[in-house]
Amino acid sequence: MVKFLIGVAPLALIASGVSAQTLPAQAAVTGTTSDPADTDPATADPVAADGDQANASGDVVVLGFGQSRQVQTVTAADLDRLTPGTSPLKAISKLPGVNFQSADPFGAYEWSTSISLRGFSQNQLGFTLDGVPLGDMSYGPTNGLHISRAIISENIAATTVAQGAGALGTASTSNLGGTIQFTSRAPSETAGLAASGTYGSNDTVRAFVRADSGDVGGGLKGYLSYAYLTTDKWKGYGTQRQHQANAKVVKDFGGRGSITGFFNFSDRRENDYQDLSLDIIRRRGYYNDNITNDYPLAILYAKQATNGAAAAAYRQANGSLTGFTPPYAGVANGLPSGITLDDGYYDAAGLRRDYLGGITFDATLTDALSLTSTSYYHHNKGQGSWITPYNPTMAGAPNADGTPITNPAPLSFRTTEYSLDRAGTIARLALTTGINRLELTGWYESNTLHQARRLYGMTDTATPNRNARDFQRNPMSTTWNGKYDTETLQYSVGDTLDIGRLTINGGWKGVRVRNQANVLAGSLARGRIQSEDWFLPQVGAVLHLGNQAEVFASYTENMRAFIAAATAPPFSITQTAFNSVRNTVRPEKSKTAEGGVRVRSGGLQLSAVGYYIDFSDRLLTYSIGTAIQGLPPTLNNVGGVESYGAEVSAFYRLTPAFSALASYSYNHATYQQTVRDGQGNLLSQAGRYVVGQPQNMVKGELVYDDSRFFGRVGADYMSKRYYTYLNDQSVAGRVLVDASIGYRFPEAWGGFAIEGSVTNLTDKKYIATVGTGGFVASDPQGTFQTLLTGAPRQWFVTLKKGF
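Residues numbered from 1 in each chain as written. Predicted model: local features only at pLDDT ≥ 70, side-chain atom pairs only at ≥ 80, totals over all residues. Heavy atoms only, no water.

A look at the sheet that holds strand E8 (residues 179-184)
Pairing is mixed across the open sheet formed by six strands, whose spatial order is E1-E2-E7-E8-E5-E6. Bordering the open sheet on either side are strand E1 (61-62) and strand E6 (132-133), each of which pairs with just one other strand. (Pairing = 2+ DSSP bridges. Helix = DSSP H or I, 4+ residues; strand = E, 2+ residues; numbered from the N terminus.)

Below, the structure is given as structure tokens:
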């Protein structure tokens, strides 16, 4: 049962005055975040003019001056220049050290989106929205939700990236590597209406509207907004559709603080693209996809595979149908030969419905003492669907309306179903005395996840009896079903000492995460496990050299807690395997050291940083016994990863209207131990590069905006990426170019703006995302399906007003 917590700030604070830290709609912010529960111990940028300069110039990127860590911020002005609906993750992909991958032009198709920092994958990073934890933003919602559903992109004021280590009080138990903090837009002081409409490739239609109340009296203001997106897939058949609504209300008590309430809703339903292998791409081409437009063909595929004599012989020889080529010779409709059962399934989809709400009290208790408290609640209902030819429908299985199926299909509808309820409170107490600032933070969250794998019956008819974009009813069978509870407790103590040219900050955090699994059906593990470390230190310093130059350095230790879910270790293994490791397996940990220099001169900002990361207790699931012993696969600590590298970035405002941004990143991340399973098979080898991570990235962008005409062009280079632990298979590097151009009409003409944008301007054919199906030790034939191709050139036209 989820416990809903009221903020720790007493109700008396309402009378005395409380406030939430927020940002103006188009404000450029400094490297310091205004996230109320996610602040660096050095909460104020020592270079006081930084924010003023950014606001005055309209800079869309600020390089973190005054921070003891590598911290960089992209403002709302940057998202405003991208195609409406574009993910804020794509907006920060221009920053050094950020590896973002997506198969769609918006960067919002969740199955394909993947982001990593300095060799750490997405589930090893931390994410927050206004301090509220988003978990690790995994596709299967187990401890949070994705930013593409948490808030409408037009309502994001800033996105701050800490490439190496997040702030001490970050509400995250997954941030081995860096953190990404999203800050929402504050309600406007004046009443107004903002709206936009977009049309483009693949019949894309996107609409957005936001109504601001302005200050209606006594500091009370708010806004209500709605966004709608529908687009056909750029290859294959199917649609991707999303409804979103955001509401925010602020009661401002002036210098004494404010109260902020928020509510966000999202309903996203999207047909999936087919996961590909190098072999499928070679045989079937870049545009190969599911066969969603041809249900009879999907039925034929499954019949050939399950009933044909050749299939029976293949199954007897190989134990499965994977890679089987159906015997199409002589088939009346002339189906091509050389097609495997996995080349194209009938359909797959992802459904997510989310409600996120909360309230923030921010009280200035005295001139020296402040208290901020945010309480939140999140509910998710989700379903991942796959119509599979590997499980035929049983005769008599129920249809969606409960009636028995009399003509069962040789395939079935498989789901992974989610019901997530989590609630928590984050609080921060800050005391400033002279040159010293002390901060204490606390975070408690209770999370209950119901997760199940089910099969639903399909009919052998000309058209399917179930739609992949609908939540399903009346299952044929349940493979597994469980209830997973997570209790998180975290605190931190941080101190900042400002002694003129030198600012020193340090502190530590403590974390305890308790996981419990109760299995209602199936053979997966049940029981309890705990992640705990009450002392994870962080220390940093900034030395201001004068002439707007500074050097900085920091050291941080972090831990990634276990996850309670059927689809993630340690509960995704058998009971026997879990019992054997529950008292010995350790959570993953990291130690990060970084240092660098920042320089600012006129319109030029420069930043250079070097780092070293020691990642220990890497977790891997494999069998520790020989085949004849019949032992199940277990979760194992298999050593560590060493990562070092450098990042250089430069932002230059050549004229008031023209600016340029460039960055280069080098990351050398390698496994430190050789690992073999119980049968002697090589699983990973010391010295091999970490999967999914490019070693070199180069990004550049030119922006012009004279308040009437505006435009941008950006280029993004990424070197090759391995998808096997032994580095015997990789995907090639690529360069992507995006561009946009627009014009703002005078107010006398209505104050409208029109913008045209193009993604993948050069129409590059490339592999976008690697690892959608996980990673393997070796893939010599290139048959492992874990790749997604990227969208070809796409165009969009937007008409907007009020931005």
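Brief notes about the side chain of Arg 453
Looking at the secondary structure, you find Arg 453 in strand E17 (residues 436-459). Buried within the structure, Arg 453 lacks any salt-bridge partner; its nearest side chain of opposite charge belongs to Glu 417, at an N-O separation of 8.7 Å. Residues contacting Arg 453, with those up to four places away along its chain left out, are Arg 414, Thr 415, Thr 416, Thr 478, Thr 479 and Trp 480. (Buried < 20%, exposed > 50% of the residue type's maximum accessible area, 1.4 Å probe, protein only. Lys, Arg positive; Asp, Glu negative; His and termini not counted. Salt bridge = Lys/Arg side-chain N within 4 Å of Asp/Glu carboxyl O. Contact = heavy atoms within 4.5 Å.)

What about the side chain of Asp 705?
When you line up the elements, Asp 705 lands in strand E30 (residues 696-705). A polar atom in the side chain of Asp 705 sits 3.0 Å from the backbone nitrogen of Ser 707. Residues within four places of Asp 705 in sequence aside, it is in contact with Arg 81, Pro 656, Ala 657, Phe 710 and Arg 744. (Polar contact = N/O pair within 3.5 Å; in protein donor to acceptor, adjacent residues only side chain to side chain.)

Concerning the nonpolar core
Nonpolar side chains tend to gather and get buried jointly when the protein is soluble and globular. Within the largest apolar cluster, 52 residues are counted, with the highest numbers of intra-cluster contacts made by Leu 89, Ile 92, Ile 115, Leu 134, Ile 147, Ile 180 and Phe 182. Residue contacts for Ile 180: discarding those within four places in its chain leaves Leu 89, Ile 92, Ile 115, Leu 117, Gly 126, Phe 127, Thr 128, Thr 159, Thr 160 and Val 161. In terms of nonpolar packing, the next biggest core, distinct from the first, is built from 24 residues, Ile 529, Ala 564, Ala 566 and Ala 577 among them. (Core = buried A, V, L, I, M, F, W, Y, C linked by side-chain atoms within 4.5 Å.)

Section: unusual backbone geometry
With an omega dihedral of 15 degrees, the bond running from Pro 569 to Pro 570 counts as a cis peptide bond. By secondary structure assignment, the location of Pro 570 is in the loop between strand E21 (549-560) and helix H9 (575-581). The backbone of Asp 617 sits at a positive phi, close to 60 degrees, despite the residue not being glycine.

Re the confidence of the model for the protein chain
Within the protein chain, residue pLDDT values average 87, and 87% of them lie at 70 or more. Counted against residues more than four places away or in other chains, residues 1-57, with its pLDDT under 50, gives 181 contacts. The model gives residues 321-336 a pLDDT under 50, and that stretch makes 40 contacts with residues more than four places away or in other chains. (pLDDT = per-residue confidence, 0-100.)

What about the packing of aromatic side chains?
Each aromatic ring pair is specified by the distance between its two centres and by the angle formed by the two planes. Counted according to the given criterion, the structure contains 26 aromatic pairs. When the ring of Trp 234 is compared with that of Tyr 287, the centres are 5.7 Å apart and the planes differ by 75 degrees; the resulting orientation is edge-to-face. Placement of the pair is Trp 234 in the loop between strand E11 (220-232) and strand E12 (239-252) and Tyr 287 in the loop between helix H6 (278-284) and helix H7 (295-307), with a sequence separation of 53 residues. On the basis of relative accessible area, Tyr 287 is assigned to the partly exposed category, the value being 41%. Site record: aromatic cluster; members linked through ring pairs are Tyr 109, Trp 234, Tyr 273, Tyr 286 and Tyr 287. A cation sits over an aromatic face here: Arg 185 above Tyr 223, 5.1 Å from the ring centre. One residue, Lys 800, lies across the ring of Phe 803, its end atom 5.4 Å from the ring centre. (Phe/Tyr/Trp six-rings, centres within 6.5 Å; stacked < 30°, edge-to-face > 60°. Lys NZ or Arg CZ within 6 Å of the ring centre and 35° of its normal.)

Points about the pairing of strand E13 (residues 257-271)
Among the 15 residues in E13, twelve count as buried, and that is most of the element. In the sheet, E12 pairs with E13 via 13 bridges, with the strands oriented antiparallel. Bridged to Arg 241 within E13 is Arg 269. The antiparallel pairing of E12 with E13 creates a hairpin that spans four residues between the two strands, and Gly 254 there sits at a positive phi of about 70 degrees. Summarising the sheet, E13 and strand E14 (residues 348-364) pair through 15 bridges and their orientation is antiparallel. When the bridges of E14 are listed, Ser 258 appears paired with Asp 362.

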